[in-house]
Amino acid sequence: MFEQTGHAMIIGVTGAPGAGKSTIVDHFASVLRAQGKTVGIIAVDPSSAYSHGALLGDRIRMQRHHDDPGVFIRSMATRGKLGGVAQATLDIALLLDAAGRSVVIIETVGVGQDEIEIARLADITVVVLVPGMGDDVQAIKAGIMEVADVFAINKSDLPGADRLEQEIRAMQSIADEVGRANAAPVRRVVATEGQGIDELLSVISSLFQRQGRQSRRAEVWEFRLREMLREDLLAAIPQDTLHTHSLLVAEKKEDPYSAVNALKEALWPAK
Ligand SMILES: Nc1nc2c(ncn2[C@@H]2O[C@H](COP(=O)(O)OP(=O)(O)OP(=O)(O)O)[C@@H](O)[C@H]2O)c(=O)[nH]1
Ligand SMILES: [Mg+2]
């Protein structure tokens, strides 16, 4: 199956809760379908640990695609444990890729570090910001700035879009001064009206074309291989050996460094 992967363009859409990510993704799907492309959508939904409403909301908003086999939608609940979700998301994205979807879209709420990891899996990441939310700059500070390939200012029908755009530009020029150039293009959209969606998608496609399919993949695979290695090594250590050393460390009969050495010894006995 792995040989069949590597054909899809993976788009990440991230941003604050309620920024309009699902509405944008929904319109992306319509535009892509009209171009004859097949679409896979993965909605990573951290809020479903607390309320199932959000999950249902996503389904309802994307309902106009529900009887189109060209659009596959999968919601992933993270149930409070984000570790491992990035891996699971990548695996599903690869599965959709292998199944022949031309575009795979990953929607994730950009709040924590783990979700930024998910955003990094994409070939092109769109960060959705909204005017007048006050926490935009916060979100940018939290590391979202670096993962953005494109900024979408959604809800541009509301006041404050100019100011937000200026704020983004100011951030970019600071990043430029400290040598972390990020001239990600900024586009305004009104997702509810479908305004600016075509333009946003064409910016995404041309960035993807320019950067080439491979540029992100080595980074993504390094991340994935690290996880696979971690899982394999942990699985190779007998559970009771790990437990015994945990007890010893807790009782201060062994220091953690010696414990790790002893565990490595269990994996690779010295000759
Ligand atoms: N005024 C205005 N409202 C919008 C626009 N786009 C989306 N909304 C509204 O914003 C709300 C949230 O939209 P969603 O698409 O669910 O946002 P989301 O980012 O997917 O939300 P979560 O997945 O819950 O984080 C909905 O009530 C939308 O109708 C827009 O361009 N202008
Ligand atoms: Mg959503």
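If you're wondering where the values come from, they're calculated on a predicted model, not measured in any experiment.

When its secondary structure is counted, the chain shows 10 helices and seven strands. Total accessible area computed for the chain in this model is approximately 14,300 Å², and 55% of it derives from carbon and sulfur atoms.

By size, the foremost hydrophobic cluster in this structure holds 30 residues, and its most contacted members are Ile-11, Ile-24, Phe-28, Ile-105, Leu-200 and Ile-204. If you list the elements that add at least two residues to this core, you get β1 (9–15), α1 (21–34), β2 (39–45), β4 (103–109), β5 (124–129), β6 (150–153) and α7 (197–211). At seven residues, the largest contribution of residues to this core is made by α7. When residues no more than four places from it in sequence are discounted, the contact partners of Ile-204 are Met-9, Ile-11, Phe-28, Ile-124, Val-126 and Val-150. Residues Ile-42, Val-85, Ile-92 and Ile-106 belong to the second largest nonpolar core, which totals 19 residues.

Each turn of an α-helix holds 3.6 residues, which means side chains three or four residues apart point in the same direction. Here helix α9 (residues 239–250) contains 12 residues, and its C-alpha end-to-end distance of 16 Å stays within 8% of the 16 Å for a straight helix at 1.5 Å per residue. Positive backbone phi, approximately 60°, marks Lys-252, located one or two places after α9.

What follows is about unusual backbone geometry. Most of the time, phi is negative for any residue but glycine, and the peptide bond is trans. Not every positive phi belongs to a glycine, and Lys-155 is a case in point at roughly 60°. When you line up the elements, Lys-155 lands in the loop between β6 and α6 (161–177). Given the relative accessible area of 28%, Lys-155 is considered partly exposed. Despite not being glycine, Lys-252 shows a phi value in the positive range, around 60°. If you trace the backbone, Lys-252 turns up in the loop between α9 and α10 (256–267).

Let us look at the pattern of salt bridges. Following the criterion strictly, the structure yields 10 salt bridges and no others. Across the salt bridge formed by Glu-165 and Arg-188, the nearest N and O atoms sit 2.9 Å from each other. Separated by 23 residues along the polypeptide, Glu-165 in helix α6 and Arg-188 in strand β7 (residues 186–188) bring together distant segments of the chain. Of the residues examined, Arg-188 reaches a relative accessible area of 36% and is grouped as partly exposed. When the shortest N-O distance is used, the salt bridge between Glu-199 and Arg-187 registers 2.5 Å.

With 83% of its residues at a pLDDT of at least 70, the chain reaches an overall mean of 83. Across the chain, the element-wise mean pLDDT spans from 51 in helix α2 (residues 53–61) up to 96 in β7. Segment residues 48–56: pLDDT under 50, and nine contacts once partners within four positions in sequence are set aside and those in other chains are kept.

Once that is clear, we can look at the sheet that holds β5. Spatially, the seven strands line up as an open sheet ordered β3-β2-β4-β1-β5-β6-β7, and their pairing is parallel. Looking at which strands have only one partner, the edges of the open sheet turn out to be β3 (71–77) and β7. Across the sheet, the mean angle from the axis of one strand to that of its neighbour is 20°, orientation sign disregarded. Relative to β4, β2 runs parallel, the two being bridged by six bridges.

One can find Pro-69 in the loop between α2 and β3. Taking the C-alpha atoms as reference points, Pro-69 and Thr-38, separated by 31 residues in sequence, lie 8.5 Å from one another.

This paragraph deals with the pairing of β6. When a strand is regular, its side chains alternate between the sheet's two faces. Every second residue of β6 is oriented toward a common face, with Val-150 and Ala-152 on one face and Phe-151 and Ile-153 on the other, all of them buried. In the sheet, β5 pairs with β6 via four bridges, with the strands oriented parallel. Paired with Val-126 across the two strands is Val-150, which belongs to β6. One ladder, built from three bridges, connects β6 with β7; its direction is parallel. Note on β7: the bridge partner recorded for Ala-152 is Arg-187.

Most of β5 is tucked away: six of the six residues are buried. Residue alternation in β5 divides its side chains into two sets, Ile-124, Val-126 and Val-128 and Thr-125, Val-127 and Leu-129, and both sets are buried. Where β1 and β5 come together, five bridges link them in parallel fashion. Looking at the pairing, Val-13 lines up with Val-126 of β5.

Rules of the game
Residues numbered from 1 in each chain as written. Chains lettered and ligands numbered in written order. Predicted model: local features only at pLDDT ≥ 70, side-chain atom pairs only at ≥ 80, totals over all residues. Heavy atoms only, no water. Helix = DSSP H or I, 4+ residues; strand = E, 2+ residues; numbered from the N terminus. Areas by Shrake-Rupley, 256 points an atom, 1.4 Å probe, with all protein chains shown as cover. Core = buried A, V, L, I, M, F, W, Y, C linked by side-chain atoms within 4.5 Å. Buried < 20%, exposed > 50% of the residue type's maximum accessible area, 1.4 Å probe, protein only. Contact = heavy atoms within 4.5 Å. Expected span 1.5 Å × (residues − 1). Salt bridge = Lys/Arg side-chain N within 4 Å of Asp/Glu carboxyl O. pLDDT = per-residue confidence, 0-100. Pairing = 2+ DSSP bridges. Axes fitted to C-alpha atoms, helices over the stretch in contact; angles between N-to-C directions.

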